[in-house]
Amino acid sequence: MKAGKVRGLDPTGPLGDNAERIVLARLDELCGFMPRAEDPAETAALHDMRIAAKRLRYILEITHPCFGPYAEAAIGPVKQLQEVLGDVHDCDEQLPEVRAFLDELVTADAAALACGAAALPHREAYEGLVALTADLLARRELRFAEFLELWRDLERKGFRPRLEYAVAERSGANGRATIGRP
Amino acid sequence: MAKAAEIAVAAEEPFAVAGARIVRARTQELFEHDDGVLDTVDIERVHDMRVATRRLRAVLEVFAPCFPKQAYKPALRDVKALADALGERRDPDVHLEAMRAFGGVEPLVERLRERQAAGNVALAAALEAAEASDLRGRLLALADAAEERVGA
């Protein structure tokens, strides 16, 4: 997923003002995946949401000292979101691979039987591969449930409006935040 | 996992000046991780270097307007190529790790080991290409150009 272009960036302008625009754009991209990503079958949306979370996390890691305190506090939950979506994606990647490999063995064994083999050459591998498939399916379900819970928790705690407010603040030299822009 | 260094920034400093400093730091971090990255026993090295490429790529994209386009585009492309090669190596590493607990999946493990070995060959080529094209020097030159742009 390509990041959306952020308009109005000025290399000679203050870091805080430029970073604010970028954070707001990345936050909007992240939140834009809901409610689509509430559907566990939306694997592409879940994958893209993970990338959006990663982009938001990285810009916050770099620029949070410019903003109000919640900009730093938001990094942890965004990282958690990225990680849990990463685990969902790992399962989505591995499941078809394991199933395709099992199919390959079954096809090869059927061909061997048809050619007169006395036993299935890969029979021993079947159990392990089926167990691995079940494990991946279970892990995927659990991690997806964690993702939903995490997102709902973020919503309950006002993640988006709090981060929007925080990036409108500017951290002063004394470490206290002030509202920098109207 | 290797933690990225905290880099001091100030809200009022010019965007390009901050970008130059951060790109220099992330470039240094990336090339600090290339030692032993082809070792398939210690898979964390590939992971750390991959994370370093992601961080570098992220800052390049964030500060893109600060860099001369002609130099920026090929540098970003080469960082992505390195990240892709690290990903090709890392993916089988992750899958192999996940399969450790399972008996009876040796044929799949064997297949993944072949992919891991192929990923290592591709990664070795990508590292050589980065060195031959002086990727590090080009990234540092981008940082210099960003500073020059604001007369810093």
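Since this is a predicted model, take the numbers as computed values, not measurements. (Residues numbered from 1 in each chain as written. Chains lettered and ligands numbered in written order. Predicted model: local features only at pLDDT ≥ 70, side-chain atom pairs only at ≥ 80, totals over all residues.)

**Q** I tried to follow the overall build of chain B on my own but got confused; where do I start?
**A** The helix and strand tally for chain B stands at 5 helices and 0 strands. Its helices and strands taken in sequence order, chain B reads α-α-α-α-α from the N to the C terminus. Referenced to the eigenvectors of the C-alpha coordinate spread, the extents of chain B come out at roughly 65 × 30 × 20 Å. Taking all 152 residues of chain B together, 37% fall into the buried category. Intrachain contacts of chain B at a sequence separation of at least 6 include 74% that bridge at least 24 residues. (Helix = DSSP H or I, 4+ residues; strand = E, 2+ residues; numbered from the N terminus. Buried ≥ 20, exposed ≤ 12 C-beta atoms within 10 Å, placed from the backbone. Contact = placed C-beta atoms within 7 Å.)

**Q** Mind showing me how you'd approach the overall build of chain A here?
**A** The number of helices and strands found in chain A is 6 helices and 2 strands. Taking 16 Å as the expected radius of gyration for a compact globule of 182 residues, we find that chain A reaches 23 Å, considerably beyond that expectation. Dimensions along the principal axes, computed over C-alpha positions, put chain A at roughly 80 × 35 × 25 Å. A burial count over chain A gives 34% of its 182 residues as buried. Counting contacts in chain A only where the partners sit at least 6 residues apart, residues at least 24 apart contribute 65% of the total. (Rg over C-alpha atoms; globule rule 2.2 N^0.38 Å.)

**Q** Even after reading the chapter, I still don't get the confidence of the model for chain A, so can you show me in this structure?
**A** One rule of thumb: low pLDDT means the predicted coordinates there are not for detailed reading. For chain A, per-residue confidence averages 92 on the pLDDT scale, and residues scoring 70 or more make up 94% of the total. Per-element confidence in chain A ranges from a low mean pLDDT of 54 for strand 2 (residues 177-179) of chain A to a high of 98 for helix 6 (residues 159-168) of chain A. (pLDDT = per-residue confidence, 0-100.)

**Q** Mind showing me how you'd approach helix 2 (residues 43-63) of chain A here?
**A** In an α-helix there are 3.6 residues to a turn, and that puts residues three or four apart on one side. An ideal rise of 1.5 Å per residue puts 30 Å on 21 residues; helix 2 of chain A measures up with 31 Å between its terminal C-alpha atoms. Of all 21 residues in helix 2 of chain A, 15 are buried; the element is thus mostly enclosed. (Expected span 1.5 Å × (residues − 1).)

**Q** What am I meant to see in the nonpolar core here?
**A** In a soluble, globular protein the nonpolar side chains are often hidden away together inside. Counting 82 residues, the largest nonpolar core has A:I59, B:V23 and B:V59 as its most contacted members. Leave out the neighbours within four places in its chain, and B:V59 touches A:I62, B:I22, B:V23 and B:R26. (Core = buried A, V, L, I, M, F, W, Y, C linked by C-beta atoms within 7 Å.)

**Q** Just checking my understanding: could you explain helix 3 (residues 69-99) of chain B for this structure?
**A** When the terminal C-alpha atoms of helix 3 of chain B are compared, their 44 Å separation across 31 residues agrees well with the 45 Å that a helix rising 1.5 Å per residue should span. Residues of helix 3 of chain B that are buried include every one of B:Y72, B:A75, B:V79, B:L82, B:A83, B:A85, B:L86, B:R89, B:R90, B:P92, B:H95 and B:M99, and no others.

**Q** I keep staring at the interface of chain B and chain A and nothing clicks. Help me out?
**A** When the parts come together, some accessible area is lost, and that loss is often what is quoted as the size of the interface. Facing 33 residues of chain B, the contacting portion of chain A comprises 34 residues. When contributions to the side of chain B that touches chain A are tallied by element, the ones reaching two or more residues are helix 1 (15-32), helix 2 (44-62), helix 3, helix 4 (106-132) and helix 5 (135-149) of chain B. The element best represented in the side of chain B that touches chain A is helix 2 of chain B, accounting for 5 residues.

**Q** Before we go on, may I ask you to explain the environment of A:E104 in this structure?
**A** All names here are of chain A. Within the secondary structure, E104 is located in helix 4 (residues 75-114). The exposure class of E104 is partly exposed, given the 14 C-beta atoms found within 10 Å. Placed 84 residues apart in sequence, E104 and E20 show a C-alpha to C-alpha distance of 51 Å.

**Q** Sorry, what's going on with unusual backbone geometry here?
**A** In this structure, the amide linkage connecting A:M34 to the following residue, A:P35, adopts the cis form with an omega of 15°. Topologically, A:P35 is positioned in the loop between helix 1 (15-31) and helix 2. In this model, B:D134 sits at a positive phi of 50°, which is unusual for a non-glycine residue. The topology assignment puts B:D134 in the loop between helix 4 and helix 5.

**Q** What is the right way to read the confidence of the model for chain B from this model?
**A** Averaged over all residues, the pLDDT of chain B is 90; the fraction at 70 or higher stands at 98%. Model confidence for the complex is summarised by a pTM of 0.89, with the ipTM given as 0.87.

**Q** I would appreciate a short explanation of the packing of helix 1 of chain B against helix 5 of chain B in the present structure.
**A** The axes of two packed helices give the description: the angle between them and the distance between them. All names here are of chain B. Following both chains from N to C, one finds helix 1 and helix 5 inclined at 170°, their axes separated by 8 Å at the closest point. With respect to each other, helix 1 and helix 5 are oriented roughly antiparallel. The crossing of helix 1 and helix 5 is left-handed. Across the interface between the two elements, A16, V17, G19, A20, V23, R24, T27 and F31 from helix 1 touch R136, L139, L140, L142, A143, A146, E147 and R149 from helix 5. (Axes fitted to C-alpha atoms, helices over the stretch in contact; angles between N-to-C directions. Parallel < 35°, antiparallel > 145°, perpendicular 65-115°, else oblique. Left-handed = near helix turned anticlockwise from the far one by under 90°.)

**Q** Even after reading the chapter, I still don't get the environment of B:E110, so can you show me in this structure?
**A** Secondary-structure assignment places B:E110 in helix 4. Sequence separation between B:E110 and B:L96 is 14 residues; the distance between their C-alpha atoms is 9.4 Å.

**Q** Can you help me understand the packing of helix 3 of chain B against helix 5 of chain B in this one?
**A** All names here are of chain B. Orientation of helix 3 relative to helix 5, taken along the N-to-C sense of each, is 140°, at an axis distance of 10 Å. Compared by their axis directions, helix 3 and helix 5 come out oblique. Two packed elements cross with a definite hand, and for helix 3 against helix 5 that hand is left-handed. Across from A71, Y72, A75 and D78 in helix 3, the residues of helix 5 making contact are L135, R138, L139, A141, L142 and A145. The class makeup of the residues in the contact of helix 3 with helix 5 is 8 nonpolar, no polar and 2 charged. (Nonpolar A, V, L, I, M, F, W, Y, C, P; charged D, E, K, R; others polar.)

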